[in-house]
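Chain by chain, the residues:
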Amino acid sequence: MLATKIFARGFHSSSAAYARKVAVLGAGGIGQPLSLLLKNEGKLVSKLALFDIVNTPGVAADLSHIATPVDVKGYKGTEELDAALQGAEVVVIPAGVPRKPGMTRDDLFKTNAGIVKNLAEACAKNCPKAHFLIISNPVNSTVPIFAEVLKKHGVYNPKHLFGVTTLDVVRASTFVGQVKKANPESIKVHVVGGHSGPTIVPLLSQTGLTFTDEERAALTYRIQYGGDEVVKAKDGTGSATLSMAVAGARFAVSLLKALEGEKGIVEPTFVESPVLKAQGVDFFATKVELGKDGVEKIHPIGALSKYEEELLEKCVPELKANIKKGLDFVKSA
Ligand code: NAD
Ligand code: LMR
């Protein structure tokens, strides 16, 4: 007998459990390789919907020839956005413009804030219970924008909204591995705060490794400004796409596994958080345990060295201002 089961969420092989529909909004430099990685996750993903204002039919046709059970469809133009989102349980959002040399992430606000707000409106209408993974910059502001739109629609669930800061820890592992001449896969660095320059706070003291003052200062700077290295090297053609695709897929796969019931999955992510709420910081990245309903447990910052306390002091005012800017954008609309 053909050992195939059909579940309510779609068709998948007998080895699959409850594979889910994932929508990727923005199938550009990040969205395409990220979709490629998710196309290979046949046990966790049943359907992959690629939405963009351009190019998606070709990208989807290309991906659809890869022999995995993930059903890929492309949706192009705002008139197809609702269909892309209907039934989605996880929505990954790398839509928007990337930086050019000399720009800060905040310079992207004027273009990307509106894009993210419109996509959030569509998500609120079509898949309000989904889990939303925000990659579009400036993450420190786009996550509050997304939250505020969902609130306006009465469908905000803070356990389901994530700013993807995984690239910061991916970079931190790489850079520390280079200095320590160790396999980066064996190095875990807790990076807290937000996702831009001084709001990125790497906690090297928690690695258990020792660093000279010079190593610590150089590594901290490199982790905070790693994005600039790529923007400069790409020389006007964009920012990190391939490393971000890996980082974004890592976070999406971790979440999908946790939704399945796998225990003990912890990823850093920028969420509505009690960690620094007393200081007026409503969203903050620390390690977060993921569970069947998204955010399960938000870990504290943990012990800080004097150097890291000073980094955190510099992070707080900038992060607060970025968050406020996002919230005000929706409130004043
Ligand atoms: P890109 O220009 O290559 O792709 C962006 C895509 O978004 C394009 O295909 C564009 O057509 C599409 N788009 C624009 N408006 C849209 C809309 N309304 N709906 C759907 N799609 C729309 O850019 P990229 O390199 O993929 O970067 C995308 C975003 O991700 C940028 O804002 C960038 O700064 C950010 N980013 C974040 C991180 C992170 O760590 N969170 C890392 C790298 C890049
Ligand atoms: C990154 O960290 O690479 C991204 O946020 C893109 C950027 O603008 O640097």
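See the structure shown above.
Predicted model only: the values in this text are computed from it and were never measured. (Residues numbered from 1 in each chain as written. Chains lettered and ligands numbered in written order. Predicted model: local features only at pLDDT ≥ 70, side-chain atom pairs only at ≥ 80, totals over all residues. Heavy atoms only, no water.)

Asks: Quick question: what am I supposed to make of the environment of Val-97 here?
Replies: Looking at the secondary structure, you find Val-97 in the loop between strand 6 (90-93) and helix 4 (109-126). Put simply, Val-97 and Pro-184 are 87 residues apart on the chain and 30 Å apart in space, counted from C-alpha to C-alpha. (Helix = DSSP H or I, 4+ residues; strand = E, 2+ residues; numbered from the N terminus.)

Asks: What exactly am I supposed to notice about the site of ligand 1 here?
Replies: Close contacts around ligand 1 come from 28 residues, with Gly-29, Ile-30, Asp-52, Val-97 and Asn-137 the closest. At a separation of 3.2 Å, an oxygen atom of ligand 1 approaches a polar backbone atom of Gly-96. Val-164 is positioned with one of its backbone polar atoms (N or O) 3.3 Å from a nitrogen atom of ligand 1. At a threshold of 2 Å from the grid points, most atoms of ligand 1 map onto the largest pocket. Among the elements that line the shell around ligand 1, the one with the most residues is helix 4, at three residues. (Near = heavy atom within 4 Å. Polar contact = N/O pair within 3.5 Å; in protein donor to acceptor, adjacent residues only side chain to side chain. 1 Å grid on protein atoms, 1.4 Å probe; cavity = no way out; pocket = protein on both sides within 12 Å on 5 of 7 lines; lining within 4 Å. Sits in = over half its atoms within 2 Å of the grid points.)

Asks: What exactly am I supposed to notice about the site of ligand 2 here?
Replies: Around ligand 2, the neighbouring residues are Arg-99, Arg-105, Asn-137, Leu-167, Arg-171, His-195, Gly-227, Ser-239 and Ala-240. A distance of 2.8 Å separates an oxygen atom of ligand 2 from a polar side-chain atom of Arg-105. Asn-137 is positioned such that a nitrogen or oxygen atom in its side chain is 2.8 Å from an oxygen atom of ligand 2. Comparing atom positions with the cavity grids shows ligand 2 to sit within the largest pocket. Taken together, the residues of the shell around ligand 2 sort by class into two nonpolar, four polar and three charged. (Nonpolar A, V, L, I, M, F, W, Y, C, P; charged D, E, K, R; others polar.)

Asks: What am I meant to see in the nonpolar core here?
Replies: For soluble globular proteins, the rule of thumb is that nonpolar side chains tend to be buried together. Core analysis: the biggest nonpolar cluster contains 51 residues, and Leu-25, Leu-85, Val-91, Phe-132, Phe-146 and Phe-284 have the highest contact counts within it. Taken together, domain 1 (21-164) and domain 2 (166-332) each give at least three residues to this core, which thus spans both. Contact partners of Phe-132, with chain neighbours within four places excluded, come to Val-91, Cys-123, Cys-127, Phe-146, Leu-150, His-160, Leu-161 and Phe-162. Among the nonpolar cores identified, the runner-up in size contains 39 residues, and Ala-27, Leu-133, Val-164 and Val-295 belong to it. (Core = buried A, V, L, I, M, F, W, Y, C linked by side-chain atoms within 4.5 Å. Buried < 20%, exposed > 50% of the residue type's maximum accessible area, 1.4 Å probe, protein only. Domains from an automatic or database assignment. Contact = heavy atoms within 4.5 Å.)

Asks: Would you take a moment to explain unusual backbone geometry for this structure?
Replies: Comment: phi is negative for the bulk of residues other than glycine, and the bulk of peptide bonds are trans. With omega at -5 degrees, the peptide bond leading from Asn-137 into Pro-138 counts as cis. Examined against the element boundaries, Pro-138 turns out to sit in the loop between strand 7 (131-134) and helix 5 (139-152). In this structure, Asn-55 is a non-glycine residue whose phi angle is positive, near 70 degrees. Mapped onto the secondary structure, Asn-55 falls in the loop between strand 4 (45-52) and helix 2 (56-64). With a phi angle near 50 degrees, Lys-181 is a residue other than glycine that sits in the positive phi range. In this fold, Lys-181 is placed in the loop between helix 6 (166-180) and strand 9 (190-193). Take Lys-181: its relative accessible area is 76%, and that puts it in the exposed class.

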